[in-house]
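Reading the structure
Chain by chain, the residues:
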Amino acid sequence: MGLFKKTSPRRNQVRKNIPVDRFQQISRFANRDNLLSALIWVVFVVLSAAVLSFDFNGQPLYRTLILTTTLVVLVCVVALLYIGHYQKRLIKNHTRAGSLAGLFILLLVATKLVALLFGHTCGATGSAVAAAVILSLAYDQRFTMGVCMLFAILAVFAAGSPVAGQLSNINLLLTMSAGVVTCCFSLKEIRTRMKLLKVSAVAAAMVFLTATTVNLMAEDAKPTGVLSSAGYHAGAAFLVGLLIQSLLPLIEKAFRVATSMTLLDYSDANQPLLKRLAMEAPGTFSHSLMIGSIAEAAAEAINRNGLLCRVGAYYHDIGKLNKPGYFVENEMGSASRHKELSPAMSQLVIVGHVKDGIELAKEYTLPTVLRQFIETHHGTTLIEHFYDQAKKQTAKKAKSKVSEPPAESEFRYPGPKPRTKEAAIVMLADTIEGAVRSLSEITPTKIEAVVHNLAMKRLQDGQFDECEISLRELSRVEMSISKTLSAHYHSRIAYPQRPDIPPSEQSGSDKPAREKN
C-alpha cells in the first residue's frame, strides 16, 4: 500500500474549482455598488461621530470618540438592516443614499449648533420634524418613520446633556417622536402651498402638548418654565415647515422626486412640450388627454397615485413629435405614409418614438418619475399590424418555396416592462383606448369585452411581471377603464335631420334641430 492515497479525478476537479468559486464570491461582494455603499456608510459614521463628540460633557476626547463611534455604528447597523429590508434599491442608488446621509449630517450639525449657541434642545425637535417631512416626500410612511426614529436617537445625543429647566433625554425623544409620527401620517402628498404649513402647525401643536405633558411629570417642574420650553420646541417644528417650503425645489432635485405640486405644474397645457404636442401632433395630444383621464380614474380605484398617472399619460407619447405624420391619429384623413415603407422600416419608425421621447424628456428636463411612462408604455409588446404584414409579404415572395417567417422578436418593443402599478395602468389604458376607438360600433358590452381581452393578453404576455399588480387590482382597473370609456363614448339621440348635409339639400321644410342632448 502506498504512502499517499490516490484521489479520484472528480475530487481533483472540485479542489481546483474551490479557489475559483471563492474568488467569484469575493468579487460579487466587492463589486462597485457594494464598495460605494460601504464608503457612504463609513463616511457617515465618521462625520456623525465627530459631530456628536464635539464639546461633549467635557470628557476626554478619546473616550468620547470611542463611545459615540460605538453608538453611531450600532444605530447605522440597525439602519442598514432596515434599509435592506424595506428600501433595498438604496444600496444601488448611490445618489439617493448620499443625499440621505448628507441630509442627516446637516441636521445633526444644526442640532449641535443650536445646543451650543442657545443652550437648548429644541434644535433636535426641529431636525427630527425636518427629516420626517423631507423623507415623507421621497419615501413611504413605514420607511420614513423607522429611519427617522433611528435618527432621533442620534439627535438626542447631538443636543447634549440636558441642563436645568430643559427636557431629559427620554422626554426629548418622546417630544421628537410626536413630531415625527404626526408628519409621517399627515403628509402624504403636497398639492397646495398651504399643505406644508398645515402639517407644520399640527406637528407644532402635538410637540407642544407632548413636551408640556412629559415635563410636568418632573417633581420640580415649574409651569412657566415648562410652557416656555414647550413653546421653543413647538416653534422649531413650525419654522421647519416654513424653511422646507422655500427649499422644496432643491429637495426634489436632491432626492429625484416630484411632489404633487410639481406634477400639477407639469400638467399645465402651457408647458413647452405639451404646447408643441398640441400644435405639431394634435391627434396625439387629444389621445394623451384621454389616456390621462382614464388612467387617473383607474389608479384611484386601486388607491394608487392618480395624479401621477394623469400627468405621466400626458407625456408618454412625446416621442411622436419627431415624426408625427407616421402615426395614424395625426394623419387627419391623408394617406398613410407607411404604404411607401416596408414593414421592417415601419417597425423602426414606430419603435423609435420611445427612444425619441426619452431624449426629449432629457432635453426638457422632465422629472425622472415621468420618464418611466415614456419608456415603459409599450413594454416589450408585439407590433402586430406590421408583423402580420411582414408575414404576408414573406408568404407571397416564397410562393411554393419553403421560407421562414420573420422573427417575432424583431417586431417587439425593446422595453423595459412597467416597474410600477401606475406605469402598468397607463400601458393598459393606452392599448385599450386605441382598440376601442378602432371599433365600428362602440357599445358598453363591446367596451367591456375589449378591456378584459386586452388586459388578459398583456398579463399572459408577461408585461406586468415587474410591477406586482394583483389579479384583484387588475379586475378593478378593468372595471374603472370600462366605466370611463363607456361614459366617453356614450350614445346620443339621432338628429331629426342629418347634420352632415346642408339644410338646402335635405327633404322637407323642417329646419335642423338646434338642441343637443
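Residues numbered from 1 in each chain as written. Predicted model: local features only at pLDDT ≥ 70, side-chain atom pairs only at ≥ 80, totals over all residues. Heavy atoms only, no water.

**So, the environment of histidine 233**
Inspection of the secondary structure puts histidine 233 in helix 9 (residues 223-255). Since its relative accessible area comes to 0%, histidine 233 is described here as buried. Between the C-alpha atom of histidine 233 and that of alanine 211, which follows or precedes it by 22 residues, the distance is 7.7 Å. (Helix = DSSP H or I, 4+ residues; strand = E, 2+ residues; numbered from the N terminus. Buried < 20%, exposed > 50% of the residue type's maximum accessible area, 1.4 Å probe, protein only.)

**Description of helix 6 (residues 141-158)**
When the terminal C-alpha atoms of helix 6 are compared, their 25 Å separation across 18 residues agrees well with the 26 Å that a helix rising 1.5 Å per residue should span. Every buried residue of helix 6 is accounted for by Phe143, Thr144, Gly146, Val147, Cys148, Leu150, Phe151, Ala152, Leu154, Ala155, Val156 and Ala158. Among the residues of helix 6, the N-terminal cap falls to aspartate 140, whose side-chain oxygen and the backbone nitrogen of arginine 142 are separated by 3.2 Å. (Expected span 1.5 Å × (residues − 1). Polar contact = N/O pair within 3.5 Å; in protein donor to acceptor, adjacent residues only side chain to side chain.)

**A short note on the environment of histidine 353**
Residue placement: histidine 353 occurs in helix 14 (residues 343-363). You can call histidine 353 buried: its relative accessible area is 2%. Ignoring anything within four residues of it in the chain, the contact list for histidine 353 reads Asp317, Gly319, Lys320, Phe327, His377, His378 and Tyr413. (Contact = heavy atoms within 4.5 Å.)

**What about the environment of methionine 479?**
Summarising the element assignment, methionine 479 is placed in helix 19 (residues 471-488). Sequence-wise, methionine 479 and histidine 452 are 27 residues apart; in three dimensions their C-alpha atoms are separated by 8.9 Å.

**Thoughts on the packing of aromatic side chains**
Applying the stated criterion to the full structure yields six aromatic pairs. Note on tyrosine 82 and tyrosine 86: the rings are 4.8 Å apart at their centroids and 55° apart in plane angle, and the pair reads as tilted. Of the two residues, tyrosine 82 and tyrosine 86 are both situated in helix 3 (residues 61-86); the distance of four residues between them amounts to about one turn of the helix. Measuring from ring centre to ring centre gives 6.4 Å for tyrosine 266 and tyrosine 315, while their planes differ by 75°; the resulting arrangement is edge-to-face. Here the residue tyrosine 266 occupies a position in helix 10 (residues 260-266), and tyrosine 315 occupies one in helix 13 (residues 306-315), the gap between them amounting to 49 residues. (Phe/Tyr/Trp six-rings, centres within 6.5 Å; stacked < 30°, edge-to-face > 60°.)

**Points about the layout of surface pockets**
The volume enclosed by the largest pocket comes to roughly 2000 Å³. Along its surface, the largest pocket is lined by 47 residues, and Arg89, Arg304, Leu308, Thr420 and Glu422 are the ones closest to its centre. Of all the elements in the fold, those that place two or more residues in the lining of the largest pocket are helix 4 (94-118), helix 5 (122-138), helix 6, helix 10, helix 13, helix 14, helix 15 (368-376) and helix 17 (421-437). In terms of residue count, helix 15 provides more of the lining of the largest pocket than any other element does, six residues in total. Each residue belonging to the lining of the largest pocket can be placed in one class, and the counts come to 15 nonpolar, 15 polar and 17 charged. Space inside the second largest pocket adds up to approximately 1200 Å³. Lining the second largest pocket are 36 residues, and of these Val328, Glu329, His378, His385 and Gly434 sit closest to its centre. (1 Å grid on protein atoms, 1.4 Å probe; cavity = no way out; pocket = protein on both sides within 12 Å on 5 of 7 lines; lining within 4 Å. Points joined across faces, edges and corners; volume = space filled by probe spheres on them. Nonpolar A, V, L, I, M, F, W, Y, C, P; charged D, E, K, R; others polar.)

**Quick look at the confidence of the model for the protein chain**
Summarising the model, the protein chain shows a mean pLDDT of 85, and 87% of its residues fall at 70 or more. The least confident element of the protein chain is helix 1 (residues 9-29), whose mean pLDDT is 55; the most confident is helix 13, at 96. This stretch, residues 162-167, has a pLDDT under 50; its non-local contacts, to residues over four places away or in other chains, come to 16 contacts. Throughout residues 509-517 the model reports pLDDT below 50, and contacts reaching past four residues in sequence, or to other chains, amount to 10 contacts. (pLDDT = per-residue confidence, 0-100.)

**Focus on the nonpolar core**
Counting residues in hydrophobic clusters, the biggest one holds 62 residues, and the most contacted among them are Phe104, Leu108, Leu135, Met176, Ile244 and Phe255. Elements represented by at least two residues in this core include exactly helix 2 (32-53), helix 3, helix 4, helix 5, helix 6, helix 7 (169-186), helix 8 (194-216) and helix 9. Contact partners of phenylalanine 255, with chain neighbours within four places excluded, come to Arg96, Ser99, Leu100, Leu103, Ile134, Leu135, Ala138 and Tyr139. The next biggest cluster of nonpolar side chains, apart from the first, holds 52 residues, and it includes Leu277, Ala281, Ala423 and Tyr489. (Core = buried A, V, L, I, M, F, W, Y, C linked by side-chain atoms within 4.5 Å.)

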